[in-house]
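This is what each chain is made of:
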Amino acid sequence: MAALPDKTSKIENGGLDQFVLGYKPLPGIVDEMMDGNGKVRAHWKPLLSMLAELGPEEINRRFTSADRYLRDSGVFYRVYEDPAGVERPWPLSHIPLLIEPTEWKALEAGLIQRANLLEAVLADAYGPGQLTKDGRLPAALVAGNPEFLRPLAGVKPPGGSHLRFYAVDVGRGPDGRWWVLGDRAQAPSGAGYAIENRLALSRAIPDIYGKARVKRVAPFFQAFQAELFNYNRQDDARVCLLTPGPLNETYFEHAYLARYLGLLLVEGEDLIVRQDGVFIRTISGLRRTEVLLRRIDADFADPLELNAASRLGVAGLVQAVRDGKVVIANALGAGFVEARAMLAFLPALAPHVLGQELLLPNVATWWLGRADVRDEILAKLDSMIIAPAFGAGGGTLGSELDDDQRGKLLQAINDRRIDYVAQEAVTLSSTPVWREGKLQPRPFSLRLYLAKVGDGWQVMPGGFVRIADNPDARALSLQGGDATADAWVLSDGPVSAATLLPQPERVTIQRQTGMLPSRAADNLFWVGRYVERAEATLRLVRALLNRIADAGDVGVPIVSAITDLLQDWSAAPIDTGRTPQMVARSVLTGADFSGSLPRLVNNARAAASVIRERFSPDAWRAIDDLVALIELSLAPGPVERAMVERVEASLRIISSFSGLAQENMTQLAGWRFLELGRRIERAVQTCRFVRNFADGRGPDGGLDVLLELADSQLTYRQRYVMIAALAPVVDLVMLDPNNPRSVAYQVDRIETHLADLPRGQTAAGRLTPVQQVAASIALRFRTTNANNFDRALIIEIEDSLMKLSEAIASAYLTHIQRTPATWDAPA
Amino acid sequence: MIYDIRQTTTCTYATPVTNAFHVLRQTPVNRPGQRVQVSSLRIEPEPESWREGHDFFGNRLTWVSLEDAHDTLEVKVSARIAVDAFVAPADVSRTWESVQEEVFASANTGPTAPVHFLFPSRMVSLDPEIRDYARTSFPPGRAILEAATELTHRIKTDLTYDSHATTVTTTPPMSFALRRGVCQDFAHIMISGLRGIGLPAAYVSGYLRTHRPEGSTRLQGADAMHAWVLVWCGTDTGWVGFDPTNDMIASDEHIVLAVGRDYTDVAPMDGVIFVSGGQRIDVGVSVTPVT
């Protein structure tokens, strides 16, 4: 047992009794922590004693720290039905579910047996179909299953297995046994969240976690990772996690698992199928991939052979599977075994297929397609749940139907009884949650995970617990706002001989460089450009607001010069009747103009959200904060002061984003693209500033504005101790290689980044075409004096910078649209 | 009857397509009552890769990829096909309920097994209104051939043929609500109604004889691709073609190109193209009797 080796003193028992005082299992329901006599089960005692010892206040403090950890790690989930697509904070219930060793062994055996059974059923369904021919699985049940993917019929999955990562939802029934509620074989979710729950909890209560003899989950993932990498036949191939993208409810988990397992996170658009295999479109050209961990639903995986309307998939992927070019986990079509109707046949298939009865029963289920079964069920409809045979959608208890509903259901069954199953109503057991400073019972279900390793299966010693908010909830879904918890599988012996301190749960991974998908690079480049443009716009507004304060409002040429420029940039409406204050306000709050701050910031966020996993949570939060700030209405009181505050606060956030990107992004290719975007944008903006405020005939005070915009007043004053004069200002802002805001400095950085990108060197040591464009700009700067920067030359430089941006895009980013080919309606 | 069929598909793109993957379902195959004597498929420009195969239902598929920039794509099919006339079964009394029971209990998942055509599919949902409309023709104990013939007639009578009312992506509930559409809509509505009451129905794409004998009327859809419905009438009779656009049983004037659960299974051309501009597709069809 997992009891603490030493102290089980009377004092602690007293603390424990006090701690669980008032805890009452729900009527008619088995409780995990407390038995029918109101006694705490033995395997819960060590945990509860240790918690009792902490005391409610300390417990609250620890649990809050777990929540903070989750928030800081950026763990969230997205609610589909929510119109705003809001990301919700992760709802961790801090008391883990405890499973004792003997029970776990039995569960493990049952799960492995089930995995083997489902694999055999899949191999038959996509192979000889003998189970159907023998009448053991009705033909309608195969053909009606939306996950029976016909293009995969007759195709043996490369690598041999349909299932490689499989999850089972279980619940404990009133008889005390674990029952299988459902199988998850399409692309099981939750394992990544389970790791995060474990990390959050083990950090919040490291002492307890260390002493409680909890089996570690990392070795399971290490084994799964090694298995995936095993199918790489070529050294340079990368293992990818194929995600439907950031709009998916579990995208965070995709990104997290990819990082945890050392996989490249890709979307369909990142992959291309060629005759000889599947390739990733990267900034270094096409790179082979031979193994995909699939989180995209199979039907969407290939617009050529599966759902033609899919924009998420990879054209030709099914053919690549047929040709044996790519191992997909799980195989396309594996979702077949998830159908509820399968539960009706698995108990009878087990003895036939495996020669054994099911070790772990599943919820009693009957398929109504058979006339005799239908008659039997309809006779006792009140006590049955009637549910769809395939696909999602909950069931209805017969006794809860009113006459009208009952009539409709009977008619539907009369028309198409093949679409329905009947199930026994399930009552789940409860586990304690921590609410208002005490423990309370709540019903839960447990998702367990298995990974194919070699010829066998490994079971993750842990799980993903979903807890109902409501004491009498029957259906469980995280979408409904329920909580999740960690599951601790307790060990007979010590889990680690070395130490009781928490073991690191991280899998060590090695990252290859140069594997940046073009799509990610493209988005990083644009995040850089948008953020920089937002910064330039803010500086311009700040300069405007400063001048208004100095000069009153009308008729000052320098003020109109600034408002003209803002209007030129489409940051504000062109309307000569508007006061400078109105222009500033419209730049800061109006979303109708492409150059306005809200638009720039939202564009930056949109580009960043597509590649969110490439930012640290802090850097992401900076972008999020900026969006949130911009959406607020201006502070009450004098509008100018409110606007100044808004500008200053925005610039502070942008500066912290820049710092975080600089400090926290690994300085690989991705960071270089972000930098390239920023540097090019800054160079272009600075050229425009010079053109508008330092062309010799400009309004009074133009040079001061320019120095302010280029954040170079201090340097200038230190260097010249005099009022702004044209040549020295232009020298400082355009040419000075030591001024990090000068155009020459940007060009220098651009050249450095380009040289460090993949394909930065040609064979003969010559410059690449992109580098040549940058070099010609740099040459201009080296051969021109401050006095010679006239309007025409600056415009020429701006044009060259735009050409450079295009050259980078066509060399590395190859942005192309994918469209389904269309067809006219037949007559 | 023996026919010569020619079909030319021309895709024109506003900007060059840099990369294209297509799947073509344009080559006819042998079927019960239909023999392909000769057929050819030509594609211009020449594809980088070309692969022939069959889909689950036995239709011929051609997968091609083009990796060079092109601004037009032309697909030309020509075939000579012999088609047998429809022969009514000796026993026409088989009830629709007995057909339903047979398919529910079926152990056959072969390519043309009726179970595949019993369930909702991508474009054909099971719409309650269409189901109730269809049910009128299927009172208890009625023979399936008689009932399906009546449903075919009612759809032709109650709906207006209108090539401007719908598009290739119009769903059956939409065209049914409009009571308008083209052959694709008529076929989808009939399929939805039949499946709604638990009967297997398939979608057929193919061709109609263009010129009919002196004195008979020109058929709707004769100068383009056509679509109709196959209804499974029990093991003995098998699949029977009903054309709700022309209110007739398909016989030797209907030439089958492909069979699927709905239009999406038999679309003559699918794919993904990499392009920044728009596209336009023109199709020309001619069907000439040889004998």
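Residues numbered from 1 in each chain as written. Chains lettered and ligands numbered in written order. Predicted model: local features only at pLDDT ≥ 70, side-chain atom pairs only at ≥ 80, totals over all residues.

*Asks:* Help me understand the overall build of chain B in this model?
*Replies:* The secondary structure content of chain B amounts to six helices and 15 strands. The C-alpha atoms of chain B give a radius of gyration of 19 Å, which matches the 19 Å a tight globule of 291 residues would have. Sequence-distant contacts in chain B: of pairs separated by 6 or more residues, those separated by 24 or more amount to 75%. (Helix = DSSP H or I, 4+ residues; strand = E, 2+ residues; numbered from the N terminus. Rg over C-alpha atoms; globule rule 2.2 N^0.38 Å. Contact = placed C-beta atoms within 7 Å.)

*Asks:* Teacher, can you tell me more about the overall build of chain A here?
*Replies:* Of the regular secondary structure elements, chain A holds 26 helices and 21 strands. For chain A, the residues scored as buried account for 48% of the 827 residues in total. (Buried ≥ 20, exposed ≤ 12 C-beta atoms within 10 Å, placed from the backbone.)

*Asks:* Just to check I follow, could you spell out the interface of chain B and chain A for this structure?
*Replies:* How big an interface is tends to be stated in terms of the accessible area lost upon association of its parts. Taken together, the contacts link 48 residues of chain B with 35 residues of chain A. Elements that contribute at least two residues to the side of chain B that touches chain A include exactly strand E2 (19-24), helix H5 (183-196), strand E10 (226-232), strand E14 (269-274) and strand E15 (279-289) of chain B. Classifying every residue of the side of chain B that touches chain A gives 26 nonpolar, 20 polar and two charged. (Nonpolar A, V, L, I, M, F, W, Y, C, P; charged D, E, K, R; others polar.)

*Asks:* Explain unusual backbone geometry here, please?
*Replies:* The phi angle of most residues is negative, glycine excepted, and most peptide bonds adopt the trans form. Cis peptide bonds are those with omega within 30 degrees of zero, and the linkage from Ala-329 of chain A to Asn-330 of chain A qualifies with -10°. Along the polypeptide, Asn-330 of chain A turns up in the loop between strand E11 (327-329) and helix H11 (346-354). That bond from Glu-44 of chain B to Pro-45 of chain B is cis: its omega, 0°, falls within 30 degrees of zero. Secondary-structure assignment places Pro-45 of chain B in the loop between strand E3 (34-44) and strand E4 (49-54). Positive phi, close to 55°, is recorded for Asp-711 of chain A, a residue that is not glycine. Inspection of the secondary structure puts Asp-711 of chain A in the loop between helix H21 (702-709) and helix H22 (713-720).

*Asks:* Would you explain the confidence of the model for chain B in this entry?
*Replies:* All names here are of chain B. Mean pLDDT over chain B: 93, with 97% of residues reaching 70 or higher. Ranking the elements of chain B by mean pLDDT puts E14 last with 85 and helix H3 (residues 144-158) first with 98. Under the prediction, the complex receives an ipTM of 0.94, its pTM being 0.86. (pLDDT = per-residue confidence, 0-100.)

*Asks:* Just checking my understanding: could you explain the domain arrangement of chain B for this structure?
*Replies:* Residue and element names in this part refer to chain B. For chain B, the assigned domains read domain 1 (2-83 + 267-289) and domain 2 (96-266). For domain 1 and domain 2, the distance between their C-alpha centres works out to 25 Å. Among the elements that line the side of domain 1 that touches domain 2, the one with the most residues is E15, at six residues. Of the residues assigned to the side of domain 1 that touches domain 2, the class counts are 13 nonpolar, five polar and two charged. (Domains from an automatic or database assignment.)

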